[in-house]
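For reference, the chains in residue letters:
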Amino acid sequence: MTHDAKMTYRIGLLPGDGIGKDVITEARKVVETAASSFGFSVEWREFPYGAEHYLNTGEILPDEALEEMQQCCALLQGAIGDPRVPPGVLERGILLKTRFYFDQYVNLRPASTYPNVPTPLKRGEDMDIVVVRENTEDLYVGLGFLSNEEIEATVDMKRPSYTLKGALSLKVDPSMKFAAQLALATEMGVRRITRYACNLARRRKASEIVLATKSNAVKELYGLWEEIAKEETSKEGISLKLVNVDALCYQLARDPSGYGVILCPNLFGDIVSDLLAGLTGGLGLSPSANIGDGLSMFEPVHGSAPDIAGTGRANPLAAILSASLMLEHLTQVEASEAVKNAVLEYLRAFPRQRHPMELGGEATTSEVGDSVASIIQRM
């Protein structure tokens with residue numbers, strides 16, 4: 001395959017912690033193979049931020065690094081987290097900081113059945129679902145306090161800020177420690193994520209989206225979501241179905257085949273997408289994208305699994321599929337489809353012993369990447 005002009009993309013790499021480094025190496029290998037096959041090139045810029053960097057320097061993610069990342073076309077990330085670092089330090093300091101800084105308001109999590117991958121689903125049941133998760137609001141904005149602290153927090157998402165000041169009067173035992181966390185939903189935030197879900201539904205030739213809600217118990221927050229989502233879907237000519245999130249999880253566990261695009265507030269999207277990952281056959285097959293109007297970031301859903309880092313046991317397919325989402329975002333649609341189809345062909349045609357160890361095979365992390373890359377080369 002030949003092309004007259006060669007486009008070069010600068011991609012930022014955040015391998016992160018544990019198996020993040022292992023799986024990103026294979027995703028990078030597959031992207032380079034696709035670039036060679038489809039006539040574009042990639043210039044990589046690796047960033048060291050993660051547990052090792054933090055433990056050695058005390059630095060998490062400096063603002064200068066974010067400014068440098070802004071010169072990239074996209075970010076490809078491995079996994080963040082390490083038992084030597086207190087929970088939340090790296091997650092908030094790297095993952096959430098990056099999402100908020102670049103206003104990556106869409107978290108996209110596809111969930112599909114794959115050939116020859118064992119799942120809890122009944123034989124013959126297939127699913128092809130995309131969770132569209134609002135990524136910058138809800139309980140993740142950091143508006144909270146412990147015990148008798150005064151509420152004073154500012155949320156700055158590169159748009160007009162929201163400041164809450166005041167105190168809550170609660171009937172609690174003064175000797176008992178307590179905590180409160182506030183969720184935020186803005187009209188702009190709900191409108192833009194609903195429009196994104198509608199556009200995605202149209203691309204998938206679907207006429208309906210499902211909204212995961214819970215307005216019967218949390219009236220103000222999810223009532224606003226329902227009101228605005230109804231307005232936007234009506235404008236976009238897309239039907240909207242409201243399903244309480246607990247009932248939705250029940251229905252998905254029983255039979256997910258009737259669902260397509262599921263629109264979720266931040267917390268619900270986090271939970272629903274992990275349920276779907278279990279139904280696809282594991283987190284090792286679950287890619288994700290954090291998309292905004294500026295720089296977007298692509299990462300596998302799984303954690304850093306430091307106990308198997310460097311052993312060759314990590315499954316790189318979720319990272320490779322995340323790279324496919326990245327290529328699609330960069331408008332390299334043919335290359336994106338080739339990567340996804342290569343994963344499907346690998347699972348369909350290669351014998352079980354050559355599948356990743358997570359899926360019952362014997363293939364090492366690098367052998368999986370080599371196999372997928374070899375299929376792309378033959379296309």
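Data block above holds the structure.
Residues numbered from 1 in each chain as written. Predicted model: local features only at pLDDT ≥ 70, side-chain atom pairs only at ≥ 80, totals over all residues. Heavy atoms only, no water.

Novice: Could you give an account of the overall build of the protein chain, with specific residues and numbers?
Specialist: When helices and strands are counted, the protein chain shows 11 helices and 14 strands. A globule of 379 residues ought to have a C-alpha radius of gyration of about 21 Å, and the protein chain, at 21 Å, matches this closely. Buried residues in the protein chain amount to 53% of all 379 residues. Of the roughly 17300 Å² that the protein chain leaves accessible, carbon and sulfur atoms contribute 49%. Averaging the locations of the 38 positively and 50 negatively charged side chains of the protein chain gives two centres separated by 4 Å. (Helix = DSSP H or I, 4+ residues; strand = E, 2+ residues; numbered from the N terminus. Rg over C-alpha atoms; globule rule 2.2 N^0.38 Å. Buried < 20%, exposed > 50% of the residue type's maximum accessible area, 1.4 Å probe, protein only. Areas by Shrake-Rupley, 256 points an atom, 1.4 Å probe, with all protein chains shown as cover. Lys, Arg positive; Asp, Glu negative; His and termini not counted. Charge placed at Lys NZ, Arg CZ, Asp CG, Glu CD.)

Novice: Just give me the short version of the pairing of strand β1 (residues 7–16), but keep the residues and values in it.
Specialist: The buried fraction of β1 is high, at seven of 10 residues. Handedness of the crossover joining β1 and strand β2 (residues 40–46) through helix α1 (residues 20–38) is recorded here as right-handed. Taken together, the five bridges between β1 and strand β3 (residues 74–79) define a ladder with parallel strand orientation. Bridging from a neighbouring strand, L14 pairs with Q77 of β3. (Right-handed = clockwise from strand over helix to strand, strands pointing away. Pairing = 2+ DSSP bridges.)

Novice: I'd like to hear about the side chain of T186, residue by residue, with values.
Specialist: Considering the arrangement of structural elements, one finds T186 in the loop between β9 (179–184) and α5 (187–203). In terms of polar contacts, T186 uses its side chain to reach the side chain of E137, at 2.4 Å. A polar side-chain atom of T186 sits 2.9 Å from the main-chain amide nitrogen of G189. (Polar contact = N/O pair within 3.5 Å; in protein donor to acceptor, adjacent residues only side chain to side chain.)

Novice: Quick rundown of the environment of Q181? Include the residues and the values.
Specialist: Within the fold, Q181 resides in strand β9. On the basis of relative accessibility, which here comes to 47%, the residue Q181 falls in the partly exposed class. Ignoring any residue separated from it by four or fewer positions in sequence, one finds Q181 in contact with L139, G142, L143 and G144. (Contact = heavy atoms within 4.5 Å.)

Novice: Help me get a handle on the packing of aromatic side chains, residues and values and all.
Specialist: Scanning all chains against the criterion turns up four aromatic pairs. Note on Y9 and F40: the rings are 5.7 Å apart at their centroids and 85° apart in plane angle, and the pair reads as edge-to-face. On the criterion of sequence distance, the pair formed by Y9 in strand β1 and F40 in strand β2 is long-range, its members being 31 residues apart. The exposure class of Y9 is buried, given its relative accessible area of 8%. The ring of Y140 is capped by R133, whose NZ or CZ atom sits 5.3 Å from the centre of that ring. (Phe/Tyr/Trp six-rings, centres within 6.5 Å; stacked < 30°, edge-to-face > 60°. Lys NZ or Arg CZ within 6 Å of the ring centre and 35° of its normal.)

Novice: Could you give an account of helix α11 (residues 365–378), with specific residues and numbers?
Specialist: Here α11 spans 21 Å end to end across 14 residues, near enough to the 20 Å set by a 1.5 Å rise per residue. Residues T365, V368, G369, S371, V372, A373, I375 and I376 constitute the buried set of α11. (Expected span 1.5 Å × (residues − 1).)

Novice: Please give an account of the pattern of salt bridges that cites residues and values.
Specialist: Enumeration over the complete set of coordinates arrives at 22 salt bridges. One salt bridge in this structure joins E26 and K29, with 2.6 Å as the shortest N-O distance. With E26 and K29 both in helix α1, this residue pair falls three residues apart, about one helical turn. On the basis of relative accessibility, which here comes to 4%, the residue E26 falls in the buried class. D270 is paired through a salt bridge with R109; the nearest N and O atoms lie 3.8 Å apart. (Salt bridge = Lys/Arg side-chain N within 4 Å of Asp/Glu carboxyl O.)

Novice: Can you lay out the nonpolar core for me, pointing to particular residues and giving the numbers?
Specialist: Judged by nonpolar contacts, the single largest core of 89 residues is most densely connected at L76, V132 and L317. Residues within four places of V132 in sequence aside, it is in contact with V106, N107, L108, I193, Y196, A197, L200, V261, I262, L263 and C264. (Core = buried A, V, L, I, M, F, W, Y, C linked by side-chain atoms within 4.5 Å.)

Novice: Now, about the environment of R28: what can you tell me, with residues and values included?
Specialist: On the secondary structure map, R28 appears in helix α1. R28 sits 341 residues away from G369 along the chain, and the two C-alpha atoms are 9.2 Å apart. Once you skip the residues sitting within four places of it in the chain, R28 turns out to touch L13, W44 and E46.

Novice: Could you give an account of the sheet that holds strand β13 (residues 287–291), naming the residues involved and the relevant values?
Specialist: Whenever strands of a sheet pair, they do so through backbone hydrogen bonds, lying parallel or antiparallel. In spatial order, the strands read β2-β1-β3-β14-β13-β4-β5-β12-β10-β11; together these 10 strands make up an open sheet with mixed pairing. Looking at the sheet topology across the chains shown, the edges are occupied by β2 and β11 (239–244). Averaged over all neighbouring strand pairs, the angle between strand axes comes to 25°, with direction disregarded. Relative to β13, strand β4 (residues 106–112) runs antiparallel, the two sharing three bridges. Opposite L108, over in β13, you have A289 as the bridge partner. Of the strands in this sheet, β1, β2 and β3 are in contact with α1, which crosses β2 at around 155°. Along the sheet, α5 contacts β4, β5 (128–134), β10 (208–213), β12 (261–264) and β13; its crossing angle with β5, the most-contacted strand, is approximately 165°. (Axes fitted to C-alpha atoms, helices over the stretch in contact; angles between N-to-C directions.)

Novice: Please provide a residue-by-residue account of the packing of helix α10 (residues 333–349) against α11, values included.
Specialist: Axis angle and axis distance: for two packed helices, these are the angle between their axes and the distance between the axes, and together they describe the pair. Between α10 and α11, whose axes approach to 9 Å, the crossing angle comes to 115°. Between α10 and α11 lies a crossing whose hand is right-handed. Taking contact as the criterion, the partners of A338, V339, A342, V343, E345 and Y346 in α10 are, on α11, V368, S371, V372, I375 and I376. Residues of the contact of α10 with α11, tallied by class, amount to nine nonpolar, one polar and one charged. (Left-handed = near helix turned anticlockwise from the far one by under 90°. Nonpolar A, V, L, I, M, F, W, Y, C, P; charged D, E, K, R; others polar.)

Geometry only, nothing functional implied.
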